[in-house]
Each structure stands twice: as C-alpha cells, then as structure tokens.
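Single-letter residue listing:
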Amino acid sequence: MDAKQRIRELMEERQWSEYRLAIASGLSQSTVANIFNRNTTPSIATLEAICKGLGISLSQFFAEAETVELTPEQQELFESWVSLTKEQKEALAHLIRVMKGR
C-alpha cells in the first residue's frame, strides 16, 4: 500500500484539503505538502499524527478493507473492554443481551 495514496483517499473521503489535514493532525503545512509534492515517505510519527487527526488508528490506516471509524464514546468503550477480565467481559455481554431483551 502506498501511504501517500492512502492519505489522499482518506482526505478525499472527508473532503479535506492539505491545510485541513495539517490543522487536524498538528503538523506543519510544509510537512503535509512535502508528503505530496516531494518524493517523501511519511515517518511513523508523522503517520501516527495524521491518523490521530483523521480519527483512525494506524491499523485502520493500513487495513485493506473499508475502515470503521469509532466515535469518541465507542472508542472509550472499546478501550475499557480490552482491559476487562474474561469473566467481566462475559458479565458485560450478558448485561447487554438482557438490556436488549434477548
């Protein structure tokens, strides 16, 4: 996968300019412009900043399938879920099923 092409695709999906990407990611305009106007491959740190600005993870950036963007609330739930024990996850899954009426 070409990182520059992927960044461009994500920008087009959001109808973002290079300026908007720079603002959202906290990068300088020249850094973003260099990615596209020079034969510059973004560093991992730059890609992380871009992904954060776009609201996606690095794994979503490199995923071949269509990405799913999480809302901040969903992201918080996911991060909490990951830290739960197996028993806590089972209890929470049961609670959700009960709440949904299953």
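Read on for an overview of the structure. If you're wondering where the values come from, they're calculated on a predicted model, not measured in any experiment. (Residues numbered from 1 in each chain as written. Predicted model: local features only at pLDDT ≥ 70, side-chain atom pairs only at ≥ 80, totals over all residues. Heavy atoms only, no water.)

Concerning helix 3 (residues 29-37)
Heads up, the condition is: Relative accessible area decides the class of each residue, using a 1.4 Å probe on protein chains only: under 20% of the type maximum gives buried, over 50% gives exposed, and in between gives partly exposed. Only DSSP runs of H or I covering at least 4 residues are called helices, and only runs of E covering at least 2 are called strands; the numbering of each starts at the N terminus. It is the directions from the helix axis to the C-beta atoms whose arc is reported. Contact between two residues is taken to exist if any of their heavy atoms lie within 4.5 Å; hydrogens are not considered.
The complete set of buried residues in helix 3 reads Val-32, Ala-33, Ile-35 and Phe-36. All buried residues of helix 3 project into a common sector of 150° when viewed along the axis, lining one side. Of the surrounding elements, those touching the buried residues of helix 3 are helix 1 (3-14), helix 2 (18-25) and helix 4 (44-54).

Side note on a nonpolar patch on the surface
Applied cut-off: Think of a patch as exposed residues, more than 30% relative accessible area, with no salt bridge, where like charges cluster within 9 Å and nonpolar side chains (Val, Leu, Ile, Met, Phe, Trp, Tyr) cluster within 5 Å. For accessible areas, the Shrake-Rupley method is used with a probe of radius 1.4 Å. Any residue's cover is judged against the shown protein chains and nothing else. The term salt bridge refers to a side-chain nitrogen of Lys or Arg lying within 4 Å of a carboxyl oxygen of Asp or Glu.
Taken together, the side chains of Leu-70, Phe-78, Trp-81, Val-82, Leu-92, Leu-95, Ile-96 and Met-99 make up a nonpolar region of the molecular surface, amounting to roughly 740 Å² of accessible area. Listed by contribution, the elements that provide at least two residues to the nonpolar patch are helix 6 (72-82) and helix 7 (86-100). Considering the arrangement of structural elements, one finds Trp-81 in helix 6.

Concerning unusual backbone geometry
Phi is positive for Gln-15, which is not a glycine, with a value near 60°. Within the secondary structure, Gln-15 sits in the loop between helix 1 and helix 2. A residue is classified by how much of its surface remains accessible, and Gln-15, at 75% relative accessible area, is exposed.

Some words on the packing of aromatic side chains
This is how it is decided: Paired rings are identified among Phe, Tyr and Trp, the last through its six-membered ring, by centres lying within 6.5 Å, and are further divided according to the angle between planes into stacked (under 30 degrees), edge-to-face (over 60) and tilted (the rest). For a Lys NZ or an Arg CZ to count as sitting over a ring, it must be within 6 Å of the ring centre and within 35 degrees of the ring normal.
All chains considered together, the criterion is met by 1 aromatic pair. Stacked on the ring of Trp-16, the Lys or Arg Arg-20 has its end atom at 4.2 Å from the ring centre.

Quick notes on the side chain of Thr-46
Formally: A 3.5 Å cut-off defines polar contacts: any pair of N or O atoms within that distance qualifies, except that in protein one atom must be a possible hydrogen donor and the other a possible acceptor, and neighbouring residues in sequence count only when both atoms are side-chain atoms.
Assignment of secondary structure puts Thr-46 in helix 4. Of the residues examined, Thr-46 reaches a relative accessible area of 14% and is grouped as buried. There is a polar contact of 3.0 Å between the side chain of Thr-46 and the side chain of Ser-43. With residues near it in sequence (within four places) discarded, Thr-46 still touches Leu-27, Thr-31 and Ile-35.

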